[in-house]
Amino acid sequence: MGLIRLLIYIFLIWLAISFFKRLLHSPSPSHTKKKPRQIESFVACHKCGLHIPQEEAIEHEGQYYCCKAHRDA
């Protein structure tokens, strides 16, 4: 009986040590949270109607175009 009790105590001590190690070394929640993605605004090409991100669109006289050829047409 003494050997089994000793093994149980050793196991419980190991379990407590591993729990506290994980607790101390786990990254804080602020580091694990991902920043929300910025929602891009899409605009439609005035000529063909293709929707593209506003940052990639070509603006001319208040209208948006998907390429220079559509802007010039």
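My aim in this report is to walk through the structure given alongside it, one point at a time.

Rules used in this analysis
- Residues numbered from 1 in each chain as written.
- Predicted model: local features only at pLDDT ≥ 70, side-chain atom pairs only at ≥ 80, totals over all residues.
- Heavy atoms only, no water.
- Helix = DSSP H or I, 4+ residues; strand = E, 2+ residues; numbered from the N terminus.
- Buried < 20%, exposed > 50% of the residue type's maximum accessible area, 1.4 Å probe, protein only.
- Contact = heavy atoms within 4.5 Å.
- Phe/Tyr/Trp six-rings, centres within 6.5 Å; stacked < 30°, edge-to-face > 60°.
- Salt bridge = Lys/Arg side-chain N within 4 Å of Asp/Glu carboxyl O.
- Patch = residues over 30% accessible without salt bridge, like charges linked within 9 Å, V, L, I, M, F, W, Y side chains within 5 Å.
- Areas by Shrake-Rupley, 256 points an atom, 1.4 Å probe, with all protein chains shown as cover.
- Expected span 1.5 Å × (residues − 1).

In terms of regular secondary structure, the chain is built from three helices and four strands. Moving toward the C terminus, one meets the helices and strands of the chain in the order α-α-β-β-β-β-α. The burial tally for the chain puts 10% of its 73 residues in the buried class. Sequence-distant contacts, at least 24 apart, represent 5% of the contacts inside the chain between residues at least 6 apart.

What the rule picks out here adds up to two aromatic pairs. Consider the rings of Phe19 and Phe20, whose centres lie 5.5 Å apart with planes at 70°: the pair is edge-to-face. On the accessibility criterion, Phe20 (48% relative accessible area) is partly exposed.

This next bit is on the pattern of salt bridges. The tally for this structure, following the rule as stated, stands at one salt bridge. Two residues, Arg71 and Asp72, come together in a salt bridge whose shortest N-O distance is 3.2 Å.

Moving on: a nonpolar patch on the surface. Nonpolar side chains collect at one region of the surface, where Ile4, Ile8, Tyr9, Phe11, Leu12, Ile13, Trp14, Leu15 and Ile17 lie side by side and expose about 950 Å² of accessible area between them. Summarising the element assignment, Trp14 is placed in helix 1 (residues 2-25). Taking the relative accessible area as the measure of exposure, Trp14 reaches 54% and is therefore exposed.

Along its 24 residues, helix 1 runs 35 Å from first to last C-alpha, staying within 8% of the 34 Å computed at 1.5 Å per residue. Among the 24 residues that make up helix 1, zero are buried, leaving the element largely open to the surroundings.

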